[in-house]
Amino acid sequence: MKRSNKILLSLAISLEALVTIFIILAISFIFLSAKKYEHHFYTRPSAQKNTSWVSKDGEISLSINDLGKGTICFNKNGSEISLYYCDVHDYSAHIYDAKVLETKVTSEEDLYEKWKYLNVKNDGFTIVVEKTTFFETGQEITFYKTG
């Protein structure tokens, strides 16, 4: 066999190995991404019914009822504010006007806050504020389960 043929054969084998490694890495990435979503889905606050949560600084409280619906309370300028909290499937939480609990209809004008989950565990979670009325965009807030 000529030397050039051996080199071409060697390159073909190397290319095949690289493609195989790429496919394995892509499948691993997809699997790990799905596991992260699954973990989030079953540990997010609304999946943990009848629980209470409080922010690290103690300023914000969240209560999840037996239906997985949430009420979030905090003080702003001396007034207590109570809003509706719900998880959505894009790894985020939306905070709406409390009237949403009664009407069960959400609209963009009722959306006060949009928070993206950074870390979700059974006993706590951290969010980053994306859209806000009461906090600062980019602010990170950590919550811990209290009950």
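The structure under discussion appears in the preceding block.
As the structure is a prediction and not an experimental result, all values here were calculated from the model.

### Examining the overall build of the protein
A count of helical and extended segments in the protein gives 2 helices and 8 strands. For the protein, the succession of helices and strands along the chain, N to C, is α-β-β-β-β-β-α-β-β-β. Out of the 147 residues belonging to the protein, those deemed buried represent 31%. Sequence separation of 24 or more characterises 30% of the internal contacts of the protein that already satisfy a separation of 6 or more.

### Notes on the sheet that holds strand 2 (residues 60-64)
On the basis of which strands lie adjacent, the closed barrel formed by 8 strands has the order 1-2-3-4-5-6-7-8 and antiparallel pairing. Each strand of the sheet is rotated relative to its neighbour by a mean of 30°, with strand direction disregarded.

### What about the pattern of salt bridges?
Tallying each qualifying case throughout the model produces 2 salt bridges. For R44, the salt bridge identified is with D87, shortest N-O distance 3.6 Å. You can see R44 sitting in the loop between helix 1 (3-43) and strand 1 (51-55) and its partner D87 sitting in strand 4 (residues 79-88), a full 43 residues away along the chain. Of the two residues, R44 and D87, both sit in the buried class. A salt bridge links K114 to E130, with the nearest nitrogen and oxygen atoms 3.9 Å apart. Highlighted residues: K114 in strand 6 (residues 111-121) and E130 in strand 7 (residues 124-131), separated in sequence by 16 residues.

### Let's talk about the side chain of S55
Examined against the element boundaries, S55 turns out to sit in strand 1. The class for S55 is buried, based on a relative accessible area of 3%. At a separation of 2.6 Å, a polar atom in the side chain of S55 contacts the side chain of D57. Within the structure, S55 has its side chain in polar contact with the backbone nitrogen of E59 (distance 3.2 Å). For S55, the contacting residues outside a window of four places in its chain are I60, I141, T142 and F143.

### Examining the pairing of strand 6
As paired elements, strand 5 (residues 92-96) and strand 6 share 5 bridges and run antiparallel to each other. The residue bridging A93 from the neighbouring strand is W115, located in strand 6. Pairing analysis gives 7 bridges linking strand 6 to strand 7, with the strands arranged antiparallel. Paired with W115 across the bridge in strand 7 is V129.

### With respect to the environment of D123
Relative to the elements of secondary structure, D123 occurs in the loop between strand 6 and strand 7. Since its relative accessible area comes to 51%, D123 is described here as exposed. Through-space distance from the C-alpha of D123 to that of T43 is 8.6 Å; in sequence the pair is 80 residues apart. Look past the residues within four positions of D123 in its chain and what remains in contact with it is W53, F143, Y144 and K145.

Procedures and definitions
Residues numbered from 1 in each chain as written. Predicted model: local features only at pLDDT ≥ 70, side-chain atom pairs only at ≥ 80, totals over all residues. Heavy atoms only, no water. Helix = DSSP H or I, 4+ residues; strand = E, 2+ residues; numbered from the N terminus. Buried < 20%, exposed > 50% of the residue type's maximum accessible area, 1.4 Å probe, protein only. Contact = heavy atoms within 4.5 Å. Pairing = 2+ DSSP bridges. Axes fitted to C-alpha atoms, helices over the stretch in contact; angles between N-to-C directions. Salt bridge = Lys/Arg side-chain N within 4 Å of Asp/Glu carboxyl O. Polar contact = N/O pair within 3.5 Å; in protein donor to acceptor, adjacent residues only side chain to side chain.

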